[in-house]
Amino acid sequence: MVTYYDDRSVQVTSTAIRVDGRTFPLAEIGMVWHRRGSRSWRVLAGRGAIGAAMAGPLVAAVLGVGLAIWLDRSATVTTAIIGASVLVGLAVGPVADFLFEHLDRSYARGSRQLEIWARWRGQPVRLLCTRDALRFGQIYRAVQRAVEHGQPVRRR
């Protein structure tokens, strides 16, 4: 028996697909397909918030420099305002890595509901439903490989 994928709730082997305690023997599976749901506005809003969090200090720094020039105060006051604005702009550096990591994970998880379906004993059955795009891709590919390797070789 070959194991193509294995985690807490899903196991795909050369003989069966097990999802949340239910077992679907490959010999009884006729066809496998997937469906994508609509986009999650919550995920998209979260990505926008991360982008705003990264741009916020930079915009504040530019506005601070503009304010220092517009106020037309003494050189000491202008230099102090510009220096403070640059420090605010530099605050992006340490935070950017953290925010980019969250943004990257957001794209790996995806913004849609993803489902794997199979024709089992003549009936369509939903095997898996997840928003995690990376995990979905790994499981779907494992199911494809298991089904391909489980099919008999046709000779001419």
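Residues numbered from 1 in each chain as written. Predicted model: local features only at pLDDT ≥ 70, side-chain atom pairs only at ≥ 80, totals over all residues. Heavy atoms only, no water.

J.: Could you clarify how one ought to interpret a nonpolar patch on the surface in this entry?
T.: Together, Val-86, Leu-87 and Leu-90 make up a nonpolar patch on the protein surface, roughly 310 Å² of accessible area in all. Within the secondary structure layout, Leu-90 lies in helix H2 (residues 75–90). The exposure class assigned to Leu-90 is exposed, which follows from its relative accessible area of 55%. (Patch = residues over 30% accessible without salt bridge, like charges linked within 9 Å, V, L, I, M, F, W, Y side chains within 5 Å. Areas by Shrake-Rupley, 256 points an atom, 1.4 Å probe, with all protein chains shown as cover. Salt bridge = Lys/Arg side-chain N within 4 Å of Asp/Glu carboxyl O. Helix = DSSP H or I, 4+ residues; strand = E, 2+ residues; numbered from the N terminus. Buried < 20%, exposed > 50% of the residue type's maximum accessible area, 1.4 Å probe, protein only.)

J.: Looking at this structure, I do not really get helix H1 (residues 41–71). What am I missing?
T.: Every α-helix winds through 3.6 residues per turn, so residues three or four apart in the chain are directed the same way. Under the 1.5 Å per step criterion, the end-to-end length of H1 is 41 Å for 31 residues, consistent within 8% with the ideal 45 Å. Taking the largest bend as the criterion, H1 deviates by roughly 35°, centred on Ala-55, and proline Pro-57 comes between one and four positions later. Every buried residue of H1 is listed here: Val-43, Arg-47, Ile-50, Met-54, Ala-61, Gly-64 and Ala-68. Looking at the buried side of H1, the elements it contacts are H2 and helix H3 (92–109). Trailing H1 by a residue or two, Asp-72 shows a phi angle of about 55°, which is positive. (Expected span 1.5 Å × (residues − 1). Bend = angle between axes of the 7 residues up to and from the residue. Contact = heavy atoms within 4.5 Å.)

J.: Before we go on, may I ask you to explain H3 in this structure?
T.: In this model, H3 (18 residues) spans 25 Å end to end at C-alpha, consistent with the 26 Å of a helix rising 1.5 Å per residue. Taken as a whole, H3 has its buried residues at Val-92, Ala-96, Leu-99, Leu-103 and Ser-106. In this structure, the buried side of H3 is in contact with H1 and H2. Taken from the residues just after H3, Gly-110 is the one with a positive phi, measuring 90°.

In short, the description is geometric, and any link to function would need to be established separately.
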